[in-house]
Amino acid sequence: IPYADCATLNLAFRREQVIVEDIATDPLWADYRELALAHELRACWSTPILDEQRRALGTFAIYYRQPARPTELHQRCIDLATHLAATAIGKERGEAALRASETRYRTLVEHAADAIFIAGAAITPSSVTDEPTMPVAAAKIVAVISTAR
């Protein structure tokens, strides 16, 4: 089936679960009905995967070869699966952003001709040297001096 059922996908990205009990009769599947039925698909339950701000990350869909509606147990499993998927996607995106940020700043420091001053409440001398952690004075400024010339 082409990238799933566009109507249910659109509804899912509007942050709504879509339960199609019978693809053979549901109007949401009008454009793809024949293709779905040719593959013996009769039911589709599509649920959005949302981040903490309720932005759509994707959809989780379950297809059945007979008309069906989710039971309470099915719904709990779907909720668990979409929550787990959102957590995994969010973690991966956060790690990717951190890797990109570290690469940018590492490149900046490695190619600096003179000096770079990094200011921030969380920075300590040990973040630049191997000395024991000790809070920096009130200004919380750490100097990183480049030896490249």
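Residues numbered from 1 in each chain as written. Predicted model: local features only at pLDDT ≥ 70, side-chain atom pairs only at ≥ 80, totals over all residues. Heavy atoms only, no water.

Trainee: Describe the sheet that holds strand β1 (residues 18-20), naming the residues involved and giving the relevant values.
Mentor: Pairing is antiparallel across the open sheet formed by three strands, whose spatial order is β1-β2-β3. Here the strands that pair on one side only, and so sit at the sheet edges, are β1 and β3 (56-64). Recorded for the sheet is a direction-independent mean angle of 15° between the axes of neighbouring strands. In this structure, strand β2 (residues 43-50) lies alongside β3, joined through eight bridges in antiparallel fashion. Opposite Ala-43, over in β3, you have Tyr-64 as the bridge partner. Seen against the sheet, helix α3 (residues 72-110) touches β2 and β3 and runs at an angle of roughly 40° to β2. (Pairing = 2+ DSSP bridges. Helix = DSSP H or I, 4+ residues; strand = E, 2+ residues; numbered from the N terminus. Axes fitted to C-alpha atoms, helices over the stretch in contact; angles between N-to-C directions. Contact = heavy atoms within 4.5 Å.)

Trainee: How would you summarise the pattern of salt bridges if you had to cite specific residues and measurements?
Mentor: Tallied over the entire structure, the rule returns seven salt bridges. The closest approach of N and O atoms between Arg-42 and Asp-22, which form a salt bridge, is 2.9 Å. Residue Arg-42 is found in the loop between α2 (33-38) and β2, and its partner Asp-22 is found in the loop between β1 and α2; the two are separated by 20 residues along the sequence. Take Arg-42: its relative accessible area is 26%, and that puts it in the partly exposed class. Of the residues examined, Asp-22 reaches a relative accessible area of 17% and is grouped as buried. Salt-bridge contacts for Arg-99 lead to Glu-92; the nearest nitrogen and oxygen are separated by 3.2 Å. (Salt bridge = Lys/Arg side-chain N within 4 Å of Asp/Glu carboxyl O. Buried < 20%, exposed > 50% of the residue type's maximum accessible area, 1.4 Å probe, protein only.)

So yeah, pure geometry; function would need other evidence.
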